[in-house]
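# Structural overview
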Amino acid sequence: MDITDRKIVGILADDARASLTDIGAAVDLSPSAVNERIRRLTASGVIRRFTLDVDHRILGFDVLAFVWIALANDADEGEFRSFIASHPAVAECHHVTGAWSYCAKVRMPTLGDIEPFLSELKARRYLARSETVIALSTAAERSVTLPAPDGGKRDRG
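Residues numbered from 1 in each chain as written. Predicted model: local features only at pLDDT ≥ 70, side-chain atom pairs only at ≥ 80, totals over all residues. Heavy atoms only, no water.

In this numbering, the UniProt entry assigns the feature "domain: HTH asnC-type" (unreviewed entry) to residues 1–62. Measuring from the first to the last C-alpha atom of residues 1–62 gives 38 Å, for a span that is 53% helix and 0% strand. (UniProt positions renumbered as here; feature names shortened; annotations may be inferred. Helix = DSSP H or I, 4+ residues; strand = E, 2+ residues; numbered from the N terminus.)

Right under this line is the structure:
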């Protein structure tokens, strides 16, 4: 992936509906050359899908929470992963290091909806313990984070 590919991915991350002509103008390529690069980026798996960025509050999901999960010793981790991946409230779930097993990002209509979610995890015998953190606001949120071409090393002086 060269700098032009990175620029194309950045443009598409900001607006997946950007025209090939507009992208080409930004990276100094013809629309057909941009189309070919997007095709290659998609075929190689760099671009996995084109999606929407929605306002969850307008859709009625006012609560954003992060649920730290420590799996029970006897929990079937594969079953847990399947359950959590298919649960409609779970936006993301990450296997993490440290004292916790997973961190799940969940969106709920109300604070009261968090308890039934946790109760379901308990009923399925997945939880040893959990901690839920409610987001008061979002300072930054990106769908794509591209490191600098030099591997993230930036002159900070």
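One pass over the structure, following the stated rule, counts three aromatic pairs. Here Phe80 and Tyr102 contribute two aromatic rings whose centre-to-centre distance is 4.9 Å and whose plane-to-plane angle is 50°, an arrangement assigned as tilted. Within this pair, whereas Phe80 is found in helix 4 (residues 77–86), its partner Tyr102 is found in strand 3 (residues 102–108), the two being separated by 22 residues in sequence. Judged by relative accessible area, Tyr102 falls into the buried class, the value being 2%. Note on Phe83 and Tyr126: the rings are 5.7 Å apart at their centroids and 40° apart in plane angle, and the pair reads as tilted. With Phe83 in helix 4 and Tyr126 in the loop between helix 5 (114–123) and strand 4 (127–134), this residue pair connects regions lying 43 residues apart in the sequence. (Phe/Tyr/Trp six-rings, centres within 6.5 Å; stacked < 30°, edge-to-face > 60°. Buried < 20%, exposed > 50% of the residue type's maximum accessible area, 1.4 Å probe, protein only.)

Next up on the list: unusual backbone geometry. At Asp28, a residue that is not glycine, the phi angle is positive and equals roughly 60°. By the element assignment, Asp28 lies in the loop between helix 2 (20–27) and helix 3 (31–43). Asp28 gets classed as exposed once you look at its relative accessible area, which sits at 70%. A positive phi angle, close to 65°, is found at Arg125, a residue other than glycine. Here Arg125 is to be found in the loop between helix 5 and strand 4. You can call Arg125 exposed: its relative accessible area is 56%.

Between two packed helices, what matters for the description is the angle formed by their axes and the separation of those axes. Between helix 4 and helix 5, whose axes approach to 12 Å, the crossing angle comes to 155°. Judged by the inter-axis angle, helix 4 sits roughly antiparallel to helix 5. Regarding helix 4 and helix 5, the two cross each other, and that crossing is right-handed. Contacts between helix 4 and helix 5 involve Phe80, Phe83 and Ile84 from the first element and Phe117, Glu120 and Leu121 from the second. (Axes fitted to C-alpha atoms, helices over the stretch in contact; angles between N-to-C directions. Parallel < 35°, antiparallel > 145°, perpendicular 65-115°, else oblique. Left-handed = near helix turned anticlockwise from the far one by under 90°. Contact = heavy atoms within 4.5 Å.)

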